[in-house]
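So the chains spell out like this:
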Amino acid sequence: MRACWCAVPLLWLAAVVHAQDSRAAYLGFFDRDGDGRVSEAEYVQYMSRGFARMDANGDGVLETDELPGRRGEPISLEAFQDNLRHQFHRLDRNHDGSLDAGELTAPPR
């Protein structure tokens, strides 16, 4: 039984290291210049890729039939990106103008 309890901290440590590696990998998707931080422009650019994939007719507006579940009001790329900028600033908890891996993966508030 004692060996089992000794393994628990090791498993916890492995989980923490994996989480840190996962955060760093996730940050890498956004961080195009490789500086270890995600700027507002990098965040908006990466997150806008989903808009482009959903915009089937390429008109810069997601119509109701292009939205997930075919529900919701149409939204333009400009409005979508304005929402992303707002989300970026909510995630930037230390207000330094960039997101680190912790901020990027933190639950929204």
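Since this is a predicted model, take the numbers as computed values, not measurements.

## Observations regarding the confidence of the model for the protein
Of all residues in the protein, 81% have pLDDT values of 70 or greater, and the mean over the chain is 83. This model gives residues 1-19 a pLDDT under 50, and the stretch forms 0 contacts once residues within four places in sequence are excluded.

## Quick notes on the environment of glutamate 40
Counting through the fold element by element, glutamate 40 comes out in helix α2 (residues 40-54). Classification of glutamate 40 by relative accessible area gives partly exposed; the value is 24%. Remark: the alpha-carbon pair of glutamate 40 and histidine 86, spanning 46 residues in sequence, is separated by 9.8 Å.

## Describing the side chain of serine 48
Secondary-structure assignment places serine 48 in helix α2. Serine 48 sits in the buried class, given a relative accessible area of 10%. Other than its neighbours up to four places away in sequence, serine 48 contacts Leu77, Phe80, Gln81 and Leu84.

## Some remarks on the pattern of salt bridges
All chains considered together, the criterion is met by 3 salt bridges. We note a salt bridge from aspartate 35 to arginine 37, for which the minimum N-O separation is 3.5 Å. Using a relative accessible area of 38% as the deciding quantity, one classes aspartate 35 as partly exposed. For arginine 37, a relative accessible area of 44% corresponds to the partly exposed category. Among the salt bridges present, the one from arginine 85 reaches glutamate 40, with a minimum N-O distance of 3.6 Å. Placement of arginine 85 in helix α3 (residues 77-91) and of glutamate 40 in helix α2 is noted, with a sequence separation of 45 residues between them. On the basis of relative accessibility, which here comes to 30%, the residue arginine 85 falls in the partly exposed class. Through salt bridges that share partners, Glu40, Asp82 and Arg85 make up one connected network.

## Quick look at the side chain of glutamate 42
You can see glutamate 42 is positioned in helix α2. Although glutamate 42 is buried, it forms no salt bridge, and the closest oppositely charged side chain is arginine 32 at an N-O distance of 6.7 Å. Side-chain polar atoms of glutamate 42 contact the backbone nitrogen of aspartate 33, separated by 3.2 Å. Non-local contacts of glutamate 42, meaning those with residues more than four positions away in its chain, are made with Phe30, Asp31, Arg32, Asp33 and Arg37.

## Things to note about α3
Taking 1.5 Å of rise per residue, the 15 residues of α3 would be expected to cover 21 Å, and the 21 Å separating its terminal C-alpha atoms lies within 8% of that figure. Where α3 is concerned, the buried positions are Phe80, Gln81, Leu84, Phe88 and Leu91. Buried residues of α3, seen end-on, are gathered within an arc of 95° and therefore sit on one face of the element. Turned more than 90 degrees from where α3 packs its buried face, Glu78 and His86 sit exposed. Where α3 is buried, its residues contact β1 (38-39), α2, β3 (75-76), β4 (98-99) and α4 (101-105).

What counts and how
Residues numbered from 1 in each chain as written. Predicted model: local features only at pLDDT ≥ 70, side-chain atom pairs only at ≥ 80, totals over all residues. Heavy atoms only, no water. pLDDT = per-residue confidence, 0-100. Contact = heavy atoms within 4.5 Å. Helix = DSSP H or I, 4+ residues; strand = E, 2+ residues; numbered from the N terminus. Buried < 20%, exposed > 50% of the residue type's maximum accessible area, 1.4 Å probe, protein only. Salt bridge = Lys/Arg side-chain N within 4 Å of Asp/Glu carboxyl O. Lys, Arg positive; Asp, Glu negative; His and termini not counted. Polar contact = N/O pair within 3.5 Å; in protein donor to acceptor, adjacent residues only side chain to side chain. Expected span 1.5 Å × (residues − 1). Arc of directions from axis to C-beta.

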